[in-house]
Amino acid sequence: MSRGGYDADGQFLGSPTQAQRRPNIVIVLIDTLRADAVAHMPYLRSLAAQGVSFLDATAPTSWTQPSITSLLTGLLPHKHGADTPGDARPLPGAITTFPEVLRRAYGYQTAAFMGGKWFDDSQGTLQGFETRHGDYLLRGATEILAPWVAKRVQQAPQLLFLHTYEAHDPYGARNHPWPVRAPIHPQAHAVAAGGDVPADRWQEVWQFLTDTVARETVRGQRDRQALNRIVQWTLRGCELDPRPDILERLRAEYEQGVTWVDGNLRTTCEWLKAQGVLNAESILVVTSDHGEAFGEHGMIGHGRRLDDELVRIPLIIRGPGPFSGGRTVSGTVGLIDLFPTLLDYMGAEGIPGVDGLSVLAGLKAGEVRDRPVVSEVRAVPQTLGEPRSWVRTALRTTRWKWELVYDVGDGTLAEHVFDLHADPGAMRDLVTATGELPAALTSDPLLCGEIEALRDRCWGEARATAARAYSLYGVDVGPLVTERPASCWPRDTAPPVIPPAPPR
Ligand SMILES: [Zn+2]
């Protein structure tokens, strides 16, 4: 039974007297940081050597807005809904965020310094942060943060959330400013006109496509259509021809950029320590919202898919007690478990009904219990060049990676399973190889129960996605699967009720 209170709007307020500790909490979220990027970050490794690092942390999706919204709410993307590119649907105010609980129930001063994009006030994701700042960079962070640090009430506990795109593509560009590009790169225009790009110009087009500033300058229907064609060309090109030389160069640029970010992280953390924001009782978290692909499964960048290179992230916590000792922690953990774990440590009550779970007990024991962690992503047509609409759901344990892909456009449904013990890179799909789920997986009732629930949800989500594609863009996504495919759905289970077709 909940011991917390609710306000007149039904928002959870927590129990003010319950918290035993109210440490300063600083969360640094380095956008697009792969789990293995830590190898190129000596300062982050030094933090890990003082704190705890989770070996198997998974993001709830593979792109920024829904992932950070999930972190701040503890909800999977399909529940908070801020998960469709091109759809500006904001986070409903009725959803309580963790910063709201910390501020309203436990007296925290809350501040978010965000890298920009996806997080303006109309989106609602930052509800609960008293101070909101856009266009944040770790580079020069001390100047940006100084006014807030000077103004803070020293007696009040602080929640400081720092988000930066400095590791995001275009890799290293925020370290060494590049000249501002034309709204559409001339070479990219050639692609849009139906031409091809010489191999030695491919990199230029990729840099244009991945330059947030340049991409944002593309206005107007004609140019937008041209951009979508370019993106489709890029995706197609990557899937057909991963071009190892380009992938290697991109990867090297990414790793150099990450090392540079690490230096800025050091400067920022040392300054916060000098200002007293980071002290002996404080908790410092360094993590990410998703990873980045370099051709492992035929794509570059992020979003769209849920492969490990896209959803495995670093999660390093440095603080007193259970967050100390330089320990590595095995067992699966989700990014959405972070705030429930911190509130548990405080002795405070979390938000009822969230998907995230505290892993504090496992931390104290030295091993987090392995449990299935879910990620999901969906697309509607005409966003980022996607020609079709689909829903992907993945489930991960330390051994298994299971994925369901529902292509709403052609009504096909595919299920994939990888045994990560035997196949760490998830290259051999056991369903394709054998035509059925492996016996070692189906003998695990917990895992099978989760998979069955996800199958049902994916079915419903596919319909919701189709309806949104229609309402947003007037796109008729074509036939939907009206019966459960026998290869995937148990025959003895009735299919979910199908909502009516979108209005014409
Ligand atoms: Zn991101």
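For the structure itself, look to the data block above.
The text that follows walks through the structure, step by step, so that each part is easy to find. (Residues numbered from 1 in each chain as written. Predicted model: local features only at pLDDT ≥ 70, side-chain atom pairs only at ≥ 80, totals over all residues. Heavy atoms only, no water.)

**Points about the overall build of the protein chain**
Our working definition: Strands here are runs of E lasting at least two residues and helices are runs of H or I lasting at least four, both read from the DSSP assignment and numbered beginning at the N terminus. Exposed residues in this analysis have more than 50% of their type's maximum accessible area, buried residues have under 20%, and partly exposed residues fall in between, with area computed by a 1.4 Å probe over protein chains only. What makes two residues a contact is simply this: any of their non-hydrogen atoms within 4.5 Å.
When its secondary structure is counted, the protein chain shows 16 helices and 17 strands. Within the protein chain, buried positions represent 58% of all 504 residues. A fraction of 71% describes how many contacts in the protein chain between residues 6 or more apart in sequence connect residues 24 or more apart.

**Points about the pattern of salt bridges**
To be explicit about the condition: A pair is scored as a salt bridge if a Lys or Arg side-chain nitrogen falls within 4 Å of a carboxyl oxygen belonging to Asp or Glu.
In the structure shown here, the tally under the stated rule is 16 salt bridges. Notably, a salt bridge pairs Asp56 with Arg396, separated by 2.7 Å at the nearest N-O pair. Taken together, the residues span a long stretch of sequence, with Asp56 in strand β4 (residues 52-58) and Arg396 in strand β15 (residues 390-396) at a distance of 340 residues. Here Asp56 matches Arg396 in class, with each residue buried.

**A closer look at the packing of helix α4 (residues 98-106) against helix α12 (residues 338-346)**
The cut-off we apply is this: Inter-axis angles, ranging from 0 to 180 degrees, are taken between N-to-C directions of lines fitted to C-alpha atoms, where helices are fitted over the stretch in contact. Any angle that falls under 35 degrees is termed roughly parallel, while one over 145 is termed roughly antiparallel, one within 65 to 115 roughly perpendicular, and all others oblique. Crossings are sorted by hand: turned counterclockwise from the far helix by less than a right angle, the near helix makes the crossing left-handed, and turned clockwise it makes it right-handed. Lys, Arg, Asp and Glu make up the charged group, whereas Ala, Val, Leu, Ile, Met, Phe, Trp, Tyr, Cys and Pro make up the nonpolar group; the residues left over, Gly among them, are polar.
Here α4 crosses α12 at 20°, and the two axes come no closer than 11 Å. By the angle between their axes, α4 is roughly parallel relative to α12. Note on packing geometry: the crossing formed by α4 with α12 is right-handed. In this structure, α4 contributes Phe98, Leu102 and Tyr106 to the contact, and α12 contributes Phe339, Pro340, Leu343 and Met346. Along the lines of polarity and charge, the residues of the contact of α4 with α12 split into 7 nonpolar, no polar and no charged.

**Description of unusual backbone geometry**
Phi angles above zero are rare outside glycine, and Arg304 is one such case at about 70°. Summarising the element assignment, Arg304 is placed in the loop between β10 (300-301) and α11 (308-311). Of note, Ala426 is a non-glycine position whose phi angle comes to about 50°, a positive value. Counting through the fold element by element, Ala426 comes out in the loop between β17 (412-419) and α14 (430-434). Relative accessible area serves as the criterion here: at 8%, Ala426 is assigned to the buried category.

**Some thoughts on the coordination of the zinc ion**
Here is the rule we go by: Donor atoms (N, O, S) are those found within 2.8 Å of the metal centre, with the cutoff raised to 3.2 Å for Na, K and Ca; water is not part of the atom list, so apparent gaps in a site can occur.
Around the zinc ion, the protein supplies Asp31 (OD), Asp31 (OD), Thr64 (OG1), Asp289 (OD) and His290 (NE2) as donor atoms, at distances of 2.0 to 2.5 Å. Taken in sequence order, the residues that donate to the zinc ion follow the motif D-x32-T-x224-D-H. Of this pair, Asp31 sits in the loop between β3 (25-30) and α1 (42-50) while Thr64 sits in helix α2 (residues 64-73), placing them 33 residues apart in sequence. Overall, the relative accessible area of 2% leaves Thr64 in the buried class.

**Remarks on the sheet that holds strand β14 (residues 373-379)**
This is how it is decided: Should DSSP find at least two bridges between two strands, the strands are taken to pair.
Strand order in the open sheet made by the 4 strands is β14-β15-β16-β17, with antiparallel pairing throughout. The open sheet is flanked by β14 and β17, the only strands paired with a single partner. If you compare each strand with its neighbour and ignore which way they point, the axes differ by 10° on average. Where β14 meets β15, 7 bridges bridge the pair, whose relative direction is antiparallel. Of the residues in β15, the one forming a bridge with Glu376 is Thr393.

**Describing the nonpolar core**
Where a protein is soluble and globular, its nonpolar side chains tend to be buried together. For the record, the criterion: Put simply, buried Ala, Val, Leu, Ile, Met, Phe, Trp, Tyr and Cys residues joined by side-chain atoms within 4.5 Å make one nonpolar core.
In terms of nonpolar packing, the biggest core is built from 50 residues, with Phe54, Leu102, Tyr106, Phe161, Phe323, Phe339 and Met346 touching the most fellow members. No other element matches the 6 residues that α12 contributes to this core. Counting residues in hydrophobic clusters, the runner-up holds 39 residues, among them Leu44, Leu250, Leu265 and Leu272.

**Notes on the packing of aromatic side chains**
Our working definition: Pairing of aromatic rings covers Phe, Tyr and the six-membered ring of Trp, with a centre-to-centre limit of 6.5 Å; geometry is then stacked below 30 degrees between planes, edge-to-face above 60, and tilted otherwise. Placement of a positive charge over a ring is assigned whenever Lys NZ or Arg CZ falls within 6 Å of the ring centre and within 35 degrees of the normal to the ring plane.
Counting across every chain of the model gives 5 aromatic pairs. Here the aromatic rings of Phe98 and Phe339 are separated by 5.1 Å at their centres, their planes lie at 10°, and the arrangement is stacked. Within this pair, whereas Phe98 is found in helix α4, its partner Phe339 is found in helix α12, the two being separated by 241 residues in sequence. Residue classification places Phe339 among the buried positions, given a relative accessible area of 1%. With centroids separated by 5.2 Å and ring planes inclined at 55°, the aromatic side chains of Tyr254 and Phe294 adopt a geometry described as tilted. Residue Tyr254 is found in helix α10 (residues 244-274), and its partner Phe294 is found in strand β9 (residues 293-294); the two are separated by 40 residues along the sequence. On the accessibility criterion, Phe294 (7% relative accessible area) is buried. Its guanidinium or amino end placed over the ring of Tyr345, Arg21 lies 4.3 Å from that ring's centre, counting from NZ or CZ.

**Some points on the pairing of strand β16 (residues 400-407)**
In regular strands, side chains alternate between the two faces of the sheet. Burial analysis of β16 places 8 of its 8 residues in the buried class, which makes it a mostly covered element. Judged by which residues are buried, β16 turns out to be covered on both faces: Trp400, Trp402, Leu404 and Tyr406 on one side and Lys401, Glu403, Val405 and Asp407 on the other are all buried. The pairing of β15 with β16 spans 7 bridges and is classified as antiparallel. Each bridged residue has a counterpart across the sheet, and for Trp390 the counterpart in β16 is Asp407. Once β15 ends, the chain turns through 3 residues before running back antiparallel as β16. In the sheet, β16 pairs with β17 via 8 bridges, with the strands oriented antiparallel. Of the residues in β17, the one forming a bridge with Asp407 is Thr412.

Purely spatial values, then, with no claim about function.
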